[in-house]
Amino acid sequence: MKKLWLFLLPIVFLLSFTTAWHPYHVGSVEINYSSKSKTFEVTGRFFLDDLENGLGKKYGGTFHFNDDKYKVKLNEALQKYCQEYFKLKTDNKFLKVNYVGYEEDQESVNVYMESEPVANPKKVETAVSFLYNLFDDQINIVHIIVNGDRKSEKLTYPNRYLYKQF
């Protein structure tokens with residue numbers, strides 16, 4: 001039995017470093033106001049497998065990034081997902097936020113959105129609940145940047161609301 005443990009322990013240790021499993025459920029969302037376009041440019045970055053599983057749980061079926069045959073299905077699902085799990089409000093007015101697209105690499109996915117134009121926001125409110133439908137320990141780190149002034153906060157499930165004054 002001792003020999004079996006000596007054999008299994010290194011295997012378990014090595015598997016803990018694979019990309020198939022990660023112990024933290026963390027995403028980040030950057031909400032950057034562009035004074036040039038007068039819009040908020042939003043980038044969400046999430047672990048690829050978490051987002052695949054979140055979409056699968058929400059809409060049923062299978063989703064695979066890094067596979068071109070799923071591209072149309074992913075865009076349709078991400079558009080609906082972003083609309084439901086991300087809201088943006090400035091100066092007491094909800095903004096329409098459009099899904100722009102996504103970009104993937106080996107382990108993560110960047111999801112891009114852009115708001116309708118708004119002039120000189122002073123108060124920014126957001127509701128961010130990406131992957132809350134999948135994990136009850138999800139953390140979303142949110143950065144709001146207006147005219148170079150960066151304010152950040154960690155939102156931990158079930159907290160989804162963030163308010164910042166600029």
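Structure's up top.
The rules behind these values
- Residues numbered from 1 in each chain as written.
- Predicted model: local features only at pLDDT ≥ 70, side-chain atom pairs only at ≥ 80, totals over all residues.
- Heavy atoms only, no water.
- Helix = DSSP H or I, 4+ residues; strand = E, 2+ residues; numbered from the N terminus.
- Buried < 20%, exposed > 50% of the residue type's maximum accessible area, 1.4 Å probe, protein only.
- Contact = heavy atoms within 4.5 Å.
- Pairing = 2+ DSSP bridges.
- Axes fitted to C-alpha atoms, helices over the stretch in contact; angles between N-to-C directions.
- Expected span 1.5 Å × (residues − 1).
- Arc of directions from axis to C-beta.

### Quick notes on the environment of P121
Thinking step 1. Mapped onto the fold, P121 is located in the loop between β6 (108–115) and β7 (123–128).
Thinking step 2. Judged by its relative accessible area of 3%, P121 falls in the buried class.
Thinking step 3. Sequence separation between P121 and T39 is 82 residues, and the spatial gap between their C-alpha atoms is 9.9 Å.
Thinking step 4. For P121, the residues in contact, after removing those within four places along its chain, are Y33, F40, T90, D91, V146 and F166.

### A word on the sheet that holds strand β5 (residues 97–104)
Thinking step 1. An order of β5-β6-β2-β1-β8-β9 is seen for the 6 strands of this open sheet, with the pairing classed as mixed. Taken across any chain shown, the strands that pair with only one partner, and hence form the sheet edges, are β5 and β9 (149–156). Neighbour-to-neighbour, the strand axes of this sheet turn through a mean angle of 15°, independent of strand direction.
Thinking step 2. Taken together, the 7 bridges between β5 and β6 define a ladder with antiparallel strand orientation. Bridging across to β6, E104 finds its partner in V109.

### Points about the pairing of strand β2 (residues 39–47)
Thinking step 1. The pairing of strand β1 (residues 26–34) with β2 spans 7 bridges and is antiparallel. When the sheet's bridge partners are listed, I31 is paired in β2 with V42.
Thinking step 2. The turn joining β1 and β2, which pair antiparallel and follow one another in sequence, is formed by 4 residues; a positive phi near 60° is taken by K38.
Thinking step 3. Bridge count between β2 and β6: 7 bridges; the pairing is antiparallel.

### Some words on unusual backbone geometry
Thinking step 1. Looking along the chain, the bond that leaves Y157 and enters P158 is cis, with omega of 5°.
Thinking step 2. When you line up the elements, P158 lands in the loop between β9 and β10 (161–165).
Thinking step 3. Non-glycine residue K38 carries a positive phi angle of around 60°.
Thinking step 4. Within the secondary structure layout, K38 lies in the loop between β1 and β2.
Thinking step 5. Owing to a relative accessible area of 35%, K38 belongs among the partly exposed residues under this scheme.
Thinking step 6. Within the chain, N66 stands out as a residue other than glycine whose phi angle is a positive 60°.
Thinking step 7. As for its position among the elements, N66 is in the loop between α2 (48–59) and α3 (71–85).
Thinking step 8. For N66, a relative accessible area of 43% corresponds to the partly exposed category.

### Brief notes about α3
Thinking step 1. Taking 1.5 Å as the rise per residue, α3 with 15 residues should run 21 Å; its terminal C-alpha atoms sit 20 Å apart, in good agreement.
Thinking step 2. Taken together, the buried positions of α3 are L74, A77, L78, Y81, C82 and Y85. Each buried residue of α3 lies within a common arc of 135° when the element is viewed along its axis, so the set occupies one face. Exposed and oriented more than 90 degrees from the buried face of α3 are V72 and Q83.
Thinking step 3. Those residues of α3 hidden inside the fold are in contact with α2, β3 (86–90), β5, β6 and β7.

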